[in-house]
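An overview of the molecular structure
In case you want the letters, here they are:
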Amino acid sequence: MESPLATLSALEEQIVAAVVEHRDELIGLVGDLVALDTTARNPGEPARDEAALQGLLQARLLALGAETDLWEPEPTGRGNPFVPDEQDYVGRPQLAARLRGVGGGRNLLLNGHIDAVSAEPREQWSSDPFTAEIRDGRLYGRGACDMKGGIADMLFALETLQRLGVRLAGDVVWCTDTDEEQSGAGAIACAEHGVRADAGLCAEPTGFDVWVACRGCVNPTLTIEGRPGHAECVQPDWRAGGAVNAIEKLRIVLEAVRDIRADWRSDPARRHPYVGPPDLVPTVVRGGEWMVTYPASCSLTFDVQYLPGQVDANGSGRAVFREVEERVAAAASLDPWLREHPLRWEWPWDIVPAEVSDDHPLVATTLAAGAALGRTGRIGGLDSWHDAAVFTLRAGTPTVSFGPGSIAQAHIIDEYVPVQDLIDHAAAVALVLTRWCGVVG
Ligand SMILES: [Zn+2]
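Residues numbered from 1 in each chain as written. Predicted model: local features only at pLDDT ≥ 70, side-chain atom pairs only at ≥ 80, totals over all residues. Heavy atoms only, no water.

1. Focus: the packing of aromatic side chains
The condition that has to hold: Two rings from Phe, Tyr or Trp (for Trp, the six-membered ring) form a pair when their centres sit within 6.5 Å of each other. Planes less than 30 degrees apart are called stacked, planes more than 60 degrees apart edge-to-face, and all others tilted. Secondary structure elements are defined from DSSP: runs of H or I of at least 4 residues count as helices, runs of E of at least 2 residues count as strands, and each element is numbered from the N terminus. Exposed residues in this analysis have more than 50% of their type's maximum accessible area, buried residues have under 20%, and partly exposed residues fall in between, with area computed by a 1.4 Å probe over protein chains only. Geometrically, a lysine NZ or arginine CZ counts as sitting over a ring once it is within 6 Å of the ring centre and also within 35 degrees of the ring normal.
Inspection of the entire model under this criterion finds 7 aromatic pairs. The interplanar angle of 50° and the centroid separation of 5.4 Å between the aromatic rings of Tyr140 and Tyr416 together place this pair among those described as tilted. You can see Tyr140 sitting in strand E5 (residues 138-140) and its partner Tyr416 sitting in strand E17 (residues 416-418), a full 276 residues away along the chain. By the burial criterion, Tyr140 is buried, and Tyr416 matches it. Ring centres of Phe208 and Phe402 lie 5.8 Å apart, and the angle between their planes is 80°; this geometry places the pair in the edge-to-face category. Separated by 194 residues along the polypeptide, Phe208 in the loop between strand E8 (199-202) and strand E9 (210-214) and Phe402 in the loop between strand E16 (399-401) and E17 bring together distant segments of the chain. Phe402 carries the same exposure label as Phe208, and that label is buried. Following the ring pairs from residue to residue traces out a cluster consisting of Phe302, Tyr306, Phe321, Trp345 and Trp347. Above the ring of Tyr140, the side-chain terminus of Arg135 is found at 3.9 Å from the ring centroid. One cation-aromatic arrangement involves Arg394 over Phe82; the distance from NZ or CZ to the ring centre is 4.3 Å.

As structure tokens, then:
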């Protein structure tokens, strides 16, 4: 039996028709956003076109009658366990806005990150990554899919409702932030600034699925100490002053990591219905100083992924970090040199996961809106982290992701979003707004 929400009311049919009729404006807006270089940078590097892009969005939100707030957060400084030490926002403002409803309805947050990953190696692109180009029904450009297409759709949904004179009961809260691709610091700053609503939609490229969960991550580095000595001279035992090869000791660590991964993957208590099991992947290794010298040190960086259910009472993944550290230390302690020269660990900022219950009413509302447009999605999750977790965890705003394009087209050479996805997503967001916030009159 077809759910009544899977069909469109007369007003909803008008909304969909208006999106289709003005599709060129929507495509133009995506192109304007792609043309502004907001590729992610490391803390300390100069700002790119973040202010210009947020200014463009702000002007259009003001034209809708929204109250807007464009600000550069204060740097959080060293010691914040959730933000890089050198994090700054100079020339890289965050944008919040509120479009007031008539009253009596539920509020909805619309969130997107304006940063995109590097376009390098640029010469491998088929067209300029900062000039949107449509080929075979796909709009190409860096950030087209992740997630300027989704941001444009959300704005266009609001503009479409305005065009038709639709008055929402609840407020729409807008938030476009920076730094999602590196640390989530932009969303954290927005949550601390007071951005919140009854529930939220984040426009990650879910392909019309609704993501209710993601894993968290942290990238610790451990350093193994060795003892330098001439590589071409026979060395006595280390207890007699001989050299110790730090690179060779790495084997002990890698074997411990392999065992932890295997245990985590096979542990039924560490399963999640929508994301993969916790994981531990060695990603960067550095070691040695000179080609004829025993290496004095070797370091290994990991990508540790953990589940929403593993967040501790302090809102961090520290219990997981302790388990990793203790198990690797236990393996290392079997080696006499490492027992006397313990591994040194550095744990940088912790990117904390979150989840929204799959029976949250926004999940059903969003899926029904997609289905009504012929874009039937499923409940899912993202193995990687995304901003929805920040608003869920730190702003009391259960936030799910729902957007055009597939995560498979994110971060790639020739990134693209299907044009039909843009149109359907803009229409679906407009439907969610009317069904969630309520319509007056
Ligand atoms: Zn993204």
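2. Overview of the coordination of the zinc ion
Formally: Because no water is among the atoms considered, metal sites can look incomplete, with donors defined as N, O and S atoms within 2.8 Å of the metal, or 3.2 Å for Na, K and Ca. Only four donors with every angle between 85 and 135 degrees are called tetrahedral; only four or six donors with opposite donors over 155 degrees apart and all others between 65 and 115 are called square planar or octahedral, in that order; all others are irregular.
Protein-derived ligands of the zinc ion are His113 (NE2), Asp146 (OD), Glu204 (OE) and Glu204 (OE), with the metal-ligand distances lying across 1.9 to 2.5 Å. One can describe the site at the zinc ion as irregular: its 4 donor atoms subtend angles covering 53 to 142° at the metal. Considered as a linear motif, the donors of the zinc ion on their single chain read H-x32-D-x57-E. Within this pair, whereas His113 is found in strand E3 (residues 108-113), its partner Glu204 is found in the loop between E8 and E9, the two being separated by 91 residues in sequence.

3. So, helix H6 (residues 246-266)
Under the convention used in this document: Take the residue count of a helix, subtract one, and multiply by 1.5 Å to get its expected span. The directions from the helix axis to the C-beta atoms are what the arc is built from. In what follows, residue pairs with any heavy atoms lying within 4.5 Å of each other are defined as contacts. For the purposes of these results, a polar contact is taken to be a pair of N or O atoms within 3.5 Å, where, inside protein, one atom must be able to donate a hydrogen and its partner to accept one; residues adjacent in sequence count only when each atom of the pair is a side-chain atom.
The terminal C-alpha atoms of H6, which comprises 21 residues, lie 31 Å apart, in line with the 30 Å expected from a rise of 1.5 Å per residue. What H6 keeps buried is the set Ala246, Lys249, Leu250, Ile252, Val253, Ala256, Val257, Ile260 and Trp264. Around the axis of H6, the buried residues are gathered within 155° of arc, so they sit on the same side. Residues of H6 that are exposed and point more than 90 degrees away from the buried face comprise Glu248 and Arg258. Looking at the buried residues of H6, the elements they touch are strand E11 (221-225), strand E12 (279-287), strand E13 (297-306), helix H7 (318-332) and helix H8 (336-340). Backbone nitrogen of Ile247 and a side-chain oxygen of the N-cap are separated by 2.9 Å at the start of H6; the cap is Asn245.

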